[in-house]
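Observations on chain architecture
Spelled out from the first residue to the last, the chains are:
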Amino acid sequence: MAGATVRRTVRVGGYTLALQEAGPPDGEPIVLLHGLASDSDTWDKAVAPLAAHGLRVLAIDLLGHGRSDKPRAGYTLDDFAAQLDELFEVLGLRSATLCGHSLGGAIAVHFAYHHPERVRRLVLVSAGGLGREVHPVLRAAALPVAPRVLGWAMRPRMQSVYRNPRLHRLLHLTPDNLVNLARAGRALGDEAGRSAFFAALRAVIQPSGQRGSFLEMRYLAEQVPTLVVWSEGDGVIPVAHAHATREYLPACTLVVFPGGGHEPHRRHAQAFADAVSRFVDATMRLDM
């Protein structure tokens, strides 16, 4: 298993969750949580570099996403935390490094707050829940009319338009843009996926912005070593949230990569894996 990524499924809370696993089975475990309209493939470029550092990498498809089941309910932060706690039991993990991107970051902090004994350290990547500001499209998605609009936009005829290479060239879409759009298309392409998306989104975002802030949980960062990773030009959740977190929680470590994008773990995959590995090694030495 150390040399390849293996996909498998497990049963958690009566549902099937899909995951990808790589790295040595006896390595330091790191659990990767993706964001909205996404799945574990968001970590595709980072899994191998993380595993090469000797980490046991477990990238999860959250309930309602990717290859995992998509029930009608179960998408609040409390729900995700309960599912994650049971997943740890199923995987035989007493504790692990928890790494969350965007929505996954909010889930990671919420889980660490309620289950600090499970979390050795936190890695928050362009994380939700650290401030109110968020892209206007996500705020608009919290409006009551949004499901009907998205349902219309995802009709088969419209999806064929989105796949047109001439449109891609006209919009100057990069290969990474196309990968992300394809992943979002898989997530939102059927009614079950769209229902899960809106349920998860509305649990953390309202038309005025993100709901609440985890910055008040100062004592969590004092107990759990925390690495914050962002892109300087993130257009979805502003990098100002990262700097505010570093200012409010001086014990945390901050890494800001140059350029734009909401997925620094993909755009700077090797540097991201190196930073995570250094952070894990440094905090392990502190525990010795």
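Reading the values: the criteria
Residues numbered from 1 in each chain as written. Predicted model: local features only at pLDDT ≥ 70, side-chain atom pairs only at ≥ 80, totals over all residues. Heavy atoms only, no water. Helix = DSSP H or I, 4+ residues; strand = E, 2+ residues; numbered from the N terminus. Rg over C-alpha atoms; globule rule 2.2 N^0.38 Å. Buried < 20%, exposed > 50% of the residue type's maximum accessible area, 1.4 Å probe, protein only. Contact = heavy atoms within 4.5 Å. Areas by Shrake-Rupley, 256 points an atom, 1.4 Å probe, with all protein chains shown as cover. Lys, Arg positive; Asp, Glu negative; His and termini not counted. Charge placed at Lys NZ, Arg CZ, Asp CG, Glu CD. Core = buried A, V, L, I, M, F, W, Y, C linked by side-chain atoms within 4.5 Å. Pairing = 2+ DSSP bridges. Salt bridge = Lys/Arg side-chain N within 4 Å of Asp/Glu carboxyl O. Phe/Tyr/Trp six-rings, centres within 6.5 Å; stacked < 30°, edge-to-face > 60°.

- Looking up the chain in an unreviewed UniProt entry gives the name Alpha/beta fold hydrolase, with the organism given as Jatrophihabitans cynanchi.

**Section: the overall build of the chain**
- Assigned secondary structure in the chain consists of 13 helices and 10 strands.
- On C-alpha atoms alone, the chain measures out to a radius of gyration of 18 Å, which is about the 19 Å that the 2.2 N^0.38 rule sets for 288 residues.
- The buried share of the chain, taken over its 288 residues, is 52%.
- A sequence separation of at least 24 residues applies to 75% of the contacts in the chain between residues at least 6 apart.
- Carbon and sulfur atoms make up 57% of the accessible area of the chain, which amounts to about 13200 Å² in all.
- Averaging the coordinates of the 31 positive side-chain charges in the chain and doing the same for the 27 negative ones gives two points 9 Å apart.

**Some remarks on the nonpolar core**
- Within the largest apolar cluster, 61 residues are counted, with the highest numbers of intra-cluster contacts made by V31, L33, L84, L98, L122, F197 and L201.
- Residue contacts for L84: discarding those within four places in its chain leaves V31, L33, L98 and F111.
- In terms of nonpolar packing, the next biggest core, distinct from the first, is built from 22 residues, A22, V123, F272 and F279 among them.

**A few points about the pairing of strand β2 (residues 15-22)**
- For β2, a buried count of seven out of eight residues is recorded, marking the element as mostly surrounded by other parts of the structure.
- For strand β1 (residues 6-12) and β2, the ladder comprises seven bridges, and the chain directions are antiparallel. Following the sheet pairing, V12 is matched in β2 by Y15.
- Linking β1 to β2, which pair antiparallel, is a turn of two residues; within it G13 sits at a positive phi near 60°.
- Taken together, the four bridges between β2 and strand β4 (residues 55-60) define a ladder with antiparallel strand orientation.

**Examining the pattern of salt bridges**
- The final tally for this structure, using the stated rule, is 12 salt bridges.
- Across the pair R183 and E263 runs a salt bridge whose closest N-O atoms are separated by 3.1 Å. With R183 in helix α8 (residues 175-188) and E263 in the loop between β10 (253-260) and α12 (264-267), this pair connects stretches of sequence that are 80 residues apart.
- Given a relative accessible area of 3%, R183 falls into the buried group.
- E263 sits in the buried class, given a relative accessible area of 12%.
- One salt-bridge network, in which partners are shared between bridges, spans R7, D39, D41 and R186.

**Things to note about the side chain of H115**
- Here H115 lies in the loop between α3 (103-114) and β6 (119-125).
- In contact with H115, not counting residues within four places along its chain, are A81 and D85.

**With respect to the packing of aromatic side chains**
- All chains considered together, the criterion is met by four aromatic pairs.
- Measuring from ring centre to ring centre gives 6.2 Å for Y75 and F80, while their planes differ by 50°; the resulting arrangement is tilted. For the pair Y75 and F80, one class covers both residues: buried.
- With 5.0 Å between their ring centres and 70° between their planes, F197 and F198 make a pair best called edge-to-face. Exposure class is identical for F197 and F198. Each is buried.

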